[in-house]
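Below are the chains, spelled out letter by letter.
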Amino acid sequence: MNILKDKINSELKIKRSKFITNIKPVNSLKEAKDFINTISKENKNANHNCWVYRLGDQGEIFHYSDNGEPSGTAGLPMFRLLQKYDLTNVVAVVTRYFGGIKLGIRGLIEAYGESIRQTLQKAELTSLVRYNFLTISTSYHYSETLKYKLNKMGVIFENTEYSGNVIIKIKFVDN
């Protein structure tokens, strides 16, 4: 799975309609909903604020909305693009200001999909990495040997405390 490094946005004009796309990395459902509400309030005069979010290690938590557009013409195409880019922990809002020319079902599907696609093409993505954390307590006598062996295993040392024992805090990739 991939995650977005930073918030990103873009604007696209199609047949006089303006599509403003805002995509943001998030870590919780609350963050996703707050972002949707914020963008919707900032664009309260827009005709539509369609949105999608996808969360979880495998993108298993998701929801999308057409926000008044014909069913299946906005939220679903946006969701499919998040799937195509294998993105999780992300929320996207595409705001549409109607330009007076109807796009039709096919045109709306293409417009919302293209809005997300163009924005994601500019985005910096990185792989989602989950870590396990471990605290090890050992004697001074064995600490350097242990640290040497842990280092060879590729763990990341978070902290080492020297008190009655040596307390070593590490993290390692969760496979």
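Remember, predicted model here, so these are calculated numbers, not experimental data. (Residues numbered from 1 in each chain as written. Predicted model: local features only at pLDDT ≥ 70, side-chain atom pairs only at ≥ 80, totals over all residues. Heavy atoms only, no water.)

Caption draft 1: Inspection of unusual backbone geometry at higher detail. A positive phi angle is found at Asn67, which is not glycine, with a value near 45°. Residue position: Asn67 is located in the loop between strand 5 (61-65) and helix 2 (75-84). Here the phi dihedral of Asn89 falls at roughly 55°; this positive angle occurs in a residue that is not glycine. When you line up the elements, Asn89 lands in the loop between helix 2 and strand 6 (90-97). (Helix = DSSP H or I, 4+ residues; strand = E, 2+ residues; numbered from the N terminus.)

Caption draft 2: Inspection of the packing of aromatic side chains at higher detail. All told, the structure shown has five aromatic pairs when counted by the stated rule. Measuring from ring centre to ring centre gives 5.8 Å for Trp51 and Tyr53, while their planes differ by 0°; the resulting arrangement is stacked. For the pair formed by Trp51 and Tyr53, the shared burial category is buried. Plain terms: the ring middles of Tyr140 and Tyr162 are 6.0 Å apart, the flat faces sit at 35° to each other, and that makes the pair tilted. Of this pair, Tyr140 sits in helix 4 (residues 140-152) while Tyr162 is found in strand 9 (residues 156-162), placing the two residues 22 residues apart along the sequence. Pairwise contacts between aromatic rings join Phe62, Tyr64 and Phe79 into one cluster. (Phe/Tyr/Trp six-rings, centres within 6.5 Å; stacked < 30°, edge-to-face > 60°. Buried < 20%, exposed > 50% of the residue type's maximum accessible area, 1.4 Å probe, protein only.)

Caption draft 3: A look at the sheet that holds strand 8 (residues 131-138). Spatial ordering of the open sheet is given by 8-10-9, a layout of three strands whose pairing is antiparallel. The open sheet has two edge strands with one neighbour each: strand 8 and strand 9. Averaged over all pairs of adjacent strands, the angle between strand axes in this sheet comes to 15°, irrespective of strand direction. With six bridges connecting them, strand 9 and strand 10 (residues 166-173) associate as antiparallel partners. When the sheet's bridge partners are listed, Ile156 is paired in strand 10 with Lys171. Helix-sheet contacts for helix 4 involve strand 8, strand 9 and strand 10, and the interaxial angle to strand 9 is about 175°. (Pairing = 2+ DSSP bridges. Axes fitted to C-alpha atoms, helices over the stretch in contact; angles between N-to-C directions. Contact = heavy atoms within 4.5 Å.)

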